[in-house]
Amino acid sequence: MKEYFYYPGCTSPVRLPQYEASTIAVLDKLGIKLSYLHNANCCGAQYVESLSPNAFVAMSGRILALAEKFEKDICVTCGACNHSLKHAKHELDNNKELRIEINSLLKEEDLEYTGAAKVVHLIQILRDDVGIEKIKDAVVRPFDPSLVLATHYGCHLTRPWELAQIDDPENPMIMDHMIEALGATVVQYPEKTRCCGGPLLAMDPEASNRIGLEKIENVRSVGGQGIVTACGFCDIQLAQVQFGGDLKSEDRIPVLQLPQLMGIAFGIDEETLGLDLNKISPEPIINALQEVKC
Amino acid sequence: MSKELHSPTSSFAMEIASIPGGEDIRKCIQCGICSATCSVASVVDKYRPRKLIQKILIGERNEVLKDDLPWLCMMCRTCEDRCQEGASPVDIFHVVRQLAVKEGYIPDAFKQATKTVLLDGWMLEDAYSDFIEEDRENLNLDTNLEWNEEFTRRLMSKYFKGVI
Ligand code: SF4
Ligand code: SF4
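Starting afresh in each chain, residues are numbered from 1 along the sequence in its written order. Chain A is the first chain written and ligand 1 is the first ligand written, with later ones labelled in order. With pLDDT at 70 or above as the cut-off, local features in this predicted model cover only qualifying residues; side-chain atom pairs require 80 or more to be listed or tallied, and sums for whole chains, interfaces and linings still use all residues. Think of the side-chain values as coming from all heavy atoms in the structure, minus any hydrogens and water.

Caption draft 1: Molecular detail of the overall build of chain A. Helix and strand counts for chain A stand at 16 helices and eight strands. Taken over the C-alpha trace, chain A has a radius of gyration of 19 Å; the compact-globule value for 294 residues is 19 Å, and the two agree within 12%. Any residue under 20% of the maximum accessible area for its type is buried, any over 50% is exposed, and the rest in between are partly exposed; the area is computed with a 1.4 Å probe on protein chains only. Here chain A holds 294 residues, and 64% of them are scored as buried. Counting only contacts in chain A whose residues sit at least 6 apart along the sequence, the fraction spanning at least 24 positions is 76%. Accessible surface is estimated by sampling points in the Shrake-Rupley manner with a 1.4 Å probe; for residues, cover comes only from the protein chains shown. When the accessible area of chain A is evaluated, it comes to approximately 11,000 Å², of which 49% is carbon and sulfur surface. Here a helix means four or more residues in a row that DSSP labels H or I, a strand means two or more in a row labelled E, and each is numbered from the N terminus. Based on C-alpha atoms, the radius of gyration is set beside the globule rule, defined as 2.2 Å times the residue count to the power 0.38. Two residues form a contact once any of their heavy atoms are found within 4.5 Å.

Caption draft 2: Highlighting the pattern of salt bridges. Here, a salt bridge means any side-chain nitrogen of Lys or Arg that lies within 4 Å of a carboxyl oxygen of Asp or Glu. Going through the model one piece at a time under the given rule, you end up with 21 salt bridges over all chains. A salt bridge links B:Asp91 to B:Arg77, with the nearest nitrogen and oxygen atoms 3.4 Å apart. Of this pair, B:Asp91 sits in helix 7 (residues 89-102) while B:Arg77 sits in the loop between helix 5 (61-65) and helix 6 (78-82); the two residues are 14 residues apart in sequence, bridging distant segments of the chain. Residue B:Asp91 is classed as partly exposed on the basis of its relative accessible area, which comes to 26%. Judged by its relative accessible area of 9%, B:Arg77 falls in the buried class. Three or more residues joined by partner-sharing salt bridges are found here, namely A:Arg159, A:Glu170, B:Asp81 and B:Arg82.

Caption draft 3: View of the site of ligand 2. Here, proximity means that at least one heavy atom of the residue falls within 4 Å of the molecule or strand. Neighbouring ligand 2 are B:Cys38, B:Val40, B:Tyr47, B:Pro49, B:Cys73, B:Met74, B:Met75, B:Cys76, B:Arg77, B:Cys79 and B:Val90. Taken together, the residues of the shell around ligand 2 sort by class into ten nonpolar, no polar and one charged. All residues other than Ala, Val, Leu, Ile, Met, Phe, Trp, Tyr, Cys, Pro, Asp, Glu, Lys and Arg, Gly among them, are scored as polar; the first ten of these are nonpolar and the last four charged.

Caption draft 4: Representation of the site of ligand 1 within the structure. The local shell around ligand 1 consists of B:Cys28, B:Ile29, B:Gln30, B:Cys31, B:Gly32, B:Ile33, B:Cys34, B:Arg50, B:Ile53, B:Cys83, B:Glu85 and B:Pro89. Contributing elements (two or more residues each) for the shell around ligand 1: helix 2 (33-37) and helix 4 (49-57) of chain B.

Caption draft 5: Expanded view of the packing of helix 4 (residues 53-69) of chain A against helix 10 (residues 150-159) of chain B. In this analysis, axes come from line fits to C-alpha atoms, helices being fitted only over the stretch in contact, and the angle between any two N-to-C directions falls in the range 0 to 180 degrees. Their axes nearest at 11 Å, the elements helix 4 of chain A and helix 10 of chain B cross at an angle of 160 degrees. Judged on the interaxial angle alone, helix 10 of chain B and helix 4 of chain A are roughly antiparallel. For the pair helix 4 of chain A and helix 10 of chain B, the crossing hand works out as right-handed. Residue-level contacts link A:Asn54, A:Ala55, A:Ala58, A:Met59 and A:Arg62 of helix 4 of chain A to B:Phe151, B:Thr152, B:Leu155 and B:Tyr159 of helix 10 of chain B. For the contact of helix 4 of chain A with helix 10 of chain B, the per-class residue count stands at six nonpolar, two polar and one charged. Our angle categories are set so that under 35 degrees counts as roughly parallel, over 145 as roughly antiparallel, 65 to 115 as roughly perpendicular, and the remainder as oblique. When the near helix sits turned anticlockwise from the far one by under a right angle, the crossing is termed left-handed; a clockwise turn instead gives a right-handed crossing.

Caption draft 6: Here's a closer look at the nonpolar core. Think of a nonpolar core as a cluster: buried Ala, Val, Leu, Ile, Met, Phe, Trp, Tyr and Cys residues, connected wherever their side-chain atoms sit within 4.5 Å. Ranked by size, the top nonpolar core spans 95 residues in total, and within it A:Tyr7, B:Ile16, B:Val40, B:Tyr47, B:Ile56 and B:Trp122 carry the most contacts. Ranked by residue count, the leading element in this core is helix 4 of chain A, at ten residues. Ranked by size, the runner-up nonpolar core spans 51 residues in total, among them A:Tyr4, A:Leu149, A:Tyr153 and A:Leu182.

Caption draft 7: Quick look at the domain arrangement of chain B. Taken domain by domain, chain B consists of domain 1 (11-102) and domain 2 (108-159). Residue ranges for the domains trace back to a domain assignment, done automatically or taken from a database. Placing the centre of domain 1 of chain B and that of domain 2 of chain B at their C-alpha centroids yields a distance of 32 Å.

Caption draft 8: Seen up close, the sheet that holds strand 3 (residues 74-76) of chain A. Residue and element names in this part refer to chain A. Two strands are said to pair when DSSP picks up at least two bridges between them. The parallel open sheet is built from four strands, whose spatial order is 2-1-3-4. Each of the sheet's edge strands pairs with one partner strand only, and the pair in question is strand 2 (32-36) and strand 4 (119-121). Looking at each pair of strands side by side, their axes are set apart by 40 degrees on average, direction ignored. Sheet topology places strand 3 next to strand 4; three bridges connect them, and they run parallel. Of the residues in strand 4, the one forming a bridge with Ile-74 is Val-119.

Caption draft 9: Representation of the side chain of A:Thr229 within the structure. Residues and elements named next belong to chain A. Note on placement: Thr-229 falls in strand 7 (residues 226-229). Judged by relative accessible area, Thr-229 falls into the buried class, the value being 0%. For this analysis, a polar contact is any N or O atom pair within 3.5 Å, provided that within protein one partner can donate a hydrogen and the other can accept it, and provided that sequence-adjacent residues contribute only side-chain to side-chain pairs. Within the structure, Thr-229 has its side chain in polar contact with the side chain of Asp-235 (distance 2.7 Å). Apart from the residues within four sequence positions on either side, Thr-229 is in contact with His-152, Met-175, Asp-235, Leu-238, Val-255, Leu-256, Gln-257 and Leu-258.

Caption draft 10: Broad picture of unusual backbone geometry. All names here are of chain A. Note that the residue after Arg-159, namely Pro-160, is joined by a cis bond; omega there is -10 degrees. Structurally, the position occupied by Pro-160 is in the loop between helix 9 (155-158) and helix 10 (161-164). Unlike most non-glycine residues, Asn-39 shows phi in positive territory, near 65 degrees. On the secondary structure map, Asn-39 appears in the loop between strand 2 and helix 3 (45-51). Residue classification places Asn-39 among the partly exposed residues on the basis of a relative accessible area of 34%.

Caption draft 11: Just the interface of chain A and chain B, in detail. Between chain A and chain B, the residue contacts involve 63 residues of the former and 55 residues of the latter. The quantity reported as buried area is the accessible area (1.4 Å probe) lost by two parts once they are put together, taken as the sum for both. Across the chain A/chain B interface, buried area totals approximately 5,000 Å², and carbon plus sulfur atoms make up 67% of it. The three residues of chain A that bury the most area against chain B are A:Val14, A:Leu51 and A:Met203, which together make up 15% of that side's buried surface. Taken together, chain A and chain B are joined by four salt bridges. Salt-bridge contacts for A:Glu108 lead to B:Arg154; the nearest nitrogen and oxygen are separated by 3.6 Å. Between the two partners, chain A and chain B, sit 15 residue pairs in polar contact (both at pLDDT 80 or more). Listing elements by their share of the side of chain A that touches chain B, those giving two or more residues are helix 1 (11-15), helix 2 (17-29), helix 3, helix 4, helix 6 (96-106), helix 9, helix 12 (205-221) and helix 15 (270-273) of chain A.

Caption draft 12: View of a negative patch on the surface. Like-charged residues are merged into a patch within 9 Å and nonpolar side chains (Val, Leu, Ile, Met, Phe, Trp, Tyr) within 5 Å, provided each residue has over 30% relative accessible area and no salt bridge. Note on charges: Lys and Arg go in the positive column, Asp and Glu in the negative column, and His and the chain ends are not counted at all. To locate a charge, take NZ of a lysine, CZ of an arginine, CG of an aspartate or CD of a glutamate. A surface patch of negative charge is lined by A:Asp269, A:Glu270, A:Glu271, A:Asp276 and A:Glu283. Mapped onto the secondary structure, A:Glu270 falls in helix 15.

Next up, the structure:
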């Protein structure tokens, strides 16, 4: 069984614990074990990145060094962490001076960055370690093709390509193919690769909201009945914005994290996937399963 | 990309171009594709990445460094993918932010978030309530999140003296 260190970041454990739980459950079903990286720190996100580029690299550098110590690669599920850790790795692998500076800080805890640990996002594990065929095989209750879903990848999952190495930032399709393997239909919508607006929340909540709602309207315009995400931040934002405006409750489009959706088709029970914690009830999606194969 | 570079015309543009990441300012031809593609520009009238770069090119140092505008960029990098000249407004604005920090201008939202992260070791200590702990318990997840703040506090004294 392949094993990774799971670095869930700071947002999901508090605001979206169901993402963490469904990730663990789904990967377990697919033969991948996650164990926790104890005593870690936040990656610093755009805040520390903007104020001190070196401190930003140091924060992720420590996370990478912790993983190295236990000889494991790191699995992330958040776009911001994905960016921070991959950026830090790139800097530390290519900037000798900076590596010396960060290592002198890590030395106090007997840690060292050598570049041995890799960083992969959940989607990469599903693509590279598991593969579409195995995902298909794990399905016990496929969705009905009449269920139409839209995907939102998250900017910091795909850009910049040189660091992220996940999918074409202008036309990402990996997650779309995975969802098709679960039986559902995936629809393309205008401005699919646009940002959810989340990063603007602290500076201009009103504008952040409008950017998110534009996305919802674009999904609605092509008949999307649900949005599937692969970043905790985006997921929270795309659900949250649907409560700010004057959307009627029946007009809200459910937002699910990819492992939640997969877990439903894999027959994992709803409590384990934390479906009742979703802000917008995913009931219509759960009800779109085909009859159980016997 | 082997595009022709132009020489900066203002001392502010030269200053930006001399800092790693900022050299992209020499590639910008002011075509406006970034503004046309930017999600923030589509909802905030005063925010236009092309215009912000223009302000740098013509040397409006004070206006740029003492304004919230460079901090409205979401770093989504959509414009960077679409810029035909291979320039990255994100990298340019990152350099602008670093200079603004040196001049003592940091928007409150950034200051607060950074302070929280460095003091607590993570972002959401205050938001982690008993209710959420219960949700985690029900999901069979560890309730002790075990964040480390010693390291981030050390970073605070090394990199942020007099900054936040
Ligand atoms: S798209 Fe590129 S060249 Fe055009 S204005 Fe923006 S940064 Fe300059
Ligand atoms: S990176 Fe910044 S300027 Fe470029 S499109 Fe995104 S928000 Fe706009």
